[in-house]
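Spelled out, the chains give:
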There are 2 protein chains.
Amino acid sequence: MKIAIDGMGGDNAPVAVIEGVIQALKEYDNVELYITGPTEIINSELAKYTYPKERITVVDAREIILPSEHPAMALRKKKDASIVKALNLVKEGTCDGIISGGSTGAFLAGCTLIVGRIKGVERPALAPLMPGRRGNFMIVDVGANVDCKPSFLVQFAKMGKIYYQKIFGVKNPSIGLINIGEEEEKGNELTKATFKLLKEEKGLNFKGNIEPREIPTGDTNILVSDGFVGNTALKMYEGAASSILGIIKDEVINSSIISKLGIALLKPVLKNLLKKFDYKEYGGAPFLGVDGICIKAHGSSDAKAFKNAIKQTKIFYENNVLEDIKNEFSIEK
Amino acid sequence: MKIAIDGMGGDNAPVAVIEGVIQALKEYDNVELYITGPTEIINSELAKYTYPKERITVVDAREIILPSEHPAMALRKKKDASIVKALNLVKEGTCDGIISGGSTGAFLAGCTLIVGRIKGVERPALAPLMPGRRGNFMIVDVGANVDCKPSFLVQFAKMGKIYYQKIFGVKNPSIGLINIGEEEEKGNELTKATFKLLKEEKGLNFKGNIEPREIPTGDTNILVSDGFVGNTALKMYEGAASSILGIIKDEVINSSIISKLGIALLKPVLKNLLKKFDYKEYGGAPFLGVDGICIKAHGSSDAKAFKNAIKQTKIFYENNVLEDIKNEFSIEK
């Protein structure tokens, strides 16, 4: 398979991107990579390594879209941006998928405008995987669609199900609707209407409303919500984890030598905890519903994160997730 | 001052309610308490203690509204419920405030329907205080209003400011709008319109959009949002804290004797952490914008939590928070 990589996307680009690419070439067969960016910069990074030259193609791109820029406007103006070039490689069929660690806004807009939606999909959705206490969970959507209709969320559930089934081998993943109460009549206009639709869908293992307090247990595989609420849940989770570990640290600094010894002895446990919360282990977030394999890598991705995103793209491809999503919605139409 | 207490509200009622009342009588002067509930049950609980009889009045109420009941419907049918009787004591002017650990839905609906809104307030809002890494923060609203207009959120900010100023003595508390991006143009229709309004308000220390990731730092005193997003943030915070401590526990159980020793040495630190996250320390959540001091205690409140809710009601009263909110909105009208 062929993957387009935005060589200039992310805080650590192009260094981390290229290092991840080299690691991926060593570990995975049957992957060819197209890297977009200023040829001289990309090539001078590549020159640091020995690798099978025939598996890498550098595609010249002279511009970069920054996260601070207005996504749609920047895409229109900067035709020569590394992300635009990478998206075009998917659109024209040269590549099967794209990975970018750059501006999320530009990535989402670019996937929708350049790669295009799958026929029958109303709105594509960003669906990252997160670590829970008893298992990982996925939230669809975390920010691509801030104002949603109930029918969008039903499609998020269907796309999430196919991805989760294929990627994690879970036969009938459980699906919950993020809501502020368990009962059917709880919530806002959107969740009340969505609940009714989800309940009537055959083929979905719908568990009903899930209160955010229950999400981090990991007991429900897929959580659907509008992108505003999903983003709030995701970022509150990250923020809480960071603050709680911070509070422990603060307490230890201000405490007795005994507590300091305690934390030293707990290092392996805390290391496992941090590993569990390390997004680099999980690759990137798939943008489901667009007509290509589009993976958003974290902005602060390092080489390992990019390598794992390549692995994820490969699994996505080999399991025909895209075809399954297309079939799902072509039946609807 | 006189406070009405829903004697049957909460998982541990009436035992914990009465115990908290007795503790409060010992600690605080100038407080008289009216307890609603079946007289024989309340009196038999009170009989366990010695206390100044003239400071407690028991008001008979034969019914209880459960959290599973439809709030408005239950309020209409159960005129003799302990919460209804307590709300009426405020409405008729016998009491200055009410505390209930019962059904949140019935409490919010009852405060609005029976006690009534302050003139000029579009929607009252529930505003709990939460522990952050560098300070406590308040979210307005966390569930009273799931579908909001921008003007509601501006009022939430104004009411939150008055409460925070008066209760915590912070002269000009910082105010943030919960949003999925920092920039002004980010967010959904509601936040974009609200940002514009808040920016133009004089007298508010508006810091702009705050991403949920930053909320737990405690660097912003007051966060405004619609009740759905606020509730999601609150419950995700609680859920994350519980899951992270759970993961540490799981890891320790499955780990070496050295880790177990480490956690034993860290006990004082973890105890402080748990204390920081213990809602019982913070009293209850004020329901701002209704024409009385209405405090929602946590459903699982124990005696200490009820005692602290009484303390909080007293501070609310002695600092004339209600009058200040009334003045704020009477100027507007």
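Residues numbered from 1 in each chain as written. Chains lettered and ligands numbered in written order. Predicted model: local features only at pLDDT ≥ 70, side-chain atom pairs only at ≥ 80, totals over all residues. Heavy atoms only, no water.

Caption draft 1: The arrangement of the pairing of strand β11 (residues 285–288) of chain B in detail. All names here are of chain B. Of the two faces of β11, the one holding A285 and F287 and the one holding P286 and L288 are both buried throughout. With two bridges joining them, β11 and strand β12 (residues 293–296) adopt antiparallel strand pairing. The residue of β12 that forms the bridge with A285 is K296. Following β11, the chain reverses through four residues before pairing antiparallel with β12; G289 in that reversal takes a positive phi of roughly 110°. (Buried < 20%, exposed > 50% of the residue type's maximum accessible area, 1.4 Å probe, protein only. Helix = DSSP H or I, 4+ residues; strand = E, 2+ residues; numbered from the N terminus. Pairing = 2+ DSSP bridges.)

Caption draft 2: Representation of the sheet that holds strand β9 (residues 205–210) of chain B within the structure. All names here are of chain B. Ordered by their spatial adjacency, five strands build an open sheet running β6-β7-β10-β8-β9, and the pairing between neighbours is mixed. Single-partner strands in this sheet number two, and they are β6 (129–131) and β9. Neighbour to neighbour, the strand axes of the sheet diverge by 30° on average, direction disregarded. Bridge count between β6 and strand β7 (residues 136–140): three bridges; the pairing is antiparallel. Each residue of the ladder has a partner; that of M130, found in β7, is F137. Strands in contact with helix α8 (residues 227–253) are β6, β7 and β8 (174–178); relative to β7, the strand with the most contacts, it is inclined by about 145°. (Axes fitted to C-alpha atoms, helices over the stretch in contact; angles between N-to-C directions. Contact = heavy atoms within 4.5 Å.)

Caption draft 3: Expanded view of the sheet that holds strand β3 (residues 56–60) of chain B. Residues and elements named next belong to chain B. With mixed pairing, seven strands are arranged side by side in an open sheet as β3-β2-β1-β4-β12-β11-β5. Pairing within the sheet leaves two strands with one partner each, and these edge strands are β3 and β5 (125–126). In terms of strand pairing, strand β1 (residues 2–6) meets strand β2 (residues 32–37) through five bridges, oriented parallel. Paired with K2 across the two strands is E32, which belongs to β2. Contacting β2 and β3, helix α2 (residues 39–46) crosses the sheet at an angle of about 155° to β3.

Caption draft 4: Region of the structure containing helix α10 (residues 267–276) of chain A. For α10 of chain A, the set of buried residues is V269, L270 and L273 of chain A. Buried positions in α10 of chain A, seen along its axis, are confined to an arc of 95° and lie on one side of it. Within α10 of chain A, the exposed residues directed more than 90 degrees away from the buried face are K267, K271 and L274 of chain A. For α10 of chain A, the elements touching its buried residues are α8 (227–253) and α9 (257–265) of chain A together with α8 and α9 (257–265) of chain B. (Arc of directions from axis to C-beta.)

Caption draft 5: A look at the domain arrangement of chain A. All names here are of chain A. Along its sequence, chain A is carved into domain 1 (2–121 + 289–330) and domain 2 (129–242). Between the C-alpha centres of domain 1 and domain 2 the distance comes to 27 Å. Each partner contributes to the interface: domain 1 provides 13 residues, whereas domain 2 provides nine residues. Carbon and sulfur atoms supply 69% of the area that domain 1 and domain 2 bury against each other, a total of about 1,100 Å² over both sides. In this structure, the connection of domain 1 to domain 2 is made through one salt bridge. A salt bridge links K166 to D324; its shortest N-O distance comes to 3.1 Å. (Domains from an automatic or database assignment. Buried area = accessible area lost by both parts, 1.4 Å probe. Salt bridge = Lys/Arg side-chain N within 4 Å of Asp/Glu carboxyl O.)

Caption draft 6: Focus on the packing of helix α1 (residues 15–27) of chain A against helix α2 (residues 39–46) of chain A. All names here are of chain A. Remark: α1 packs on α2, axes separated minimally by 10 Å, with the N-to-C direction vectors making an angle of 50°. Between α1 and α2, the angle falls in the class oblique. The two elements α1 and α2 cross, and the hand of that crossing is right-handed. Residue-level inspection shows V15, I18 and I22 of α1 in contact with α2, the latter providing I42, E45 and L46. Tallied by class, residues from the contact of α1 with α2 come to five nonpolar, no polar and one charged. (Parallel < 35°, antiparallel > 145°, perpendicular 65-115°, else oblique. Left-handed = near helix turned anticlockwise from the far one by under 90°. Nonpolar A, V, L, I, M, F, W, Y, C, P; charged D, E, K, R; others polar.)

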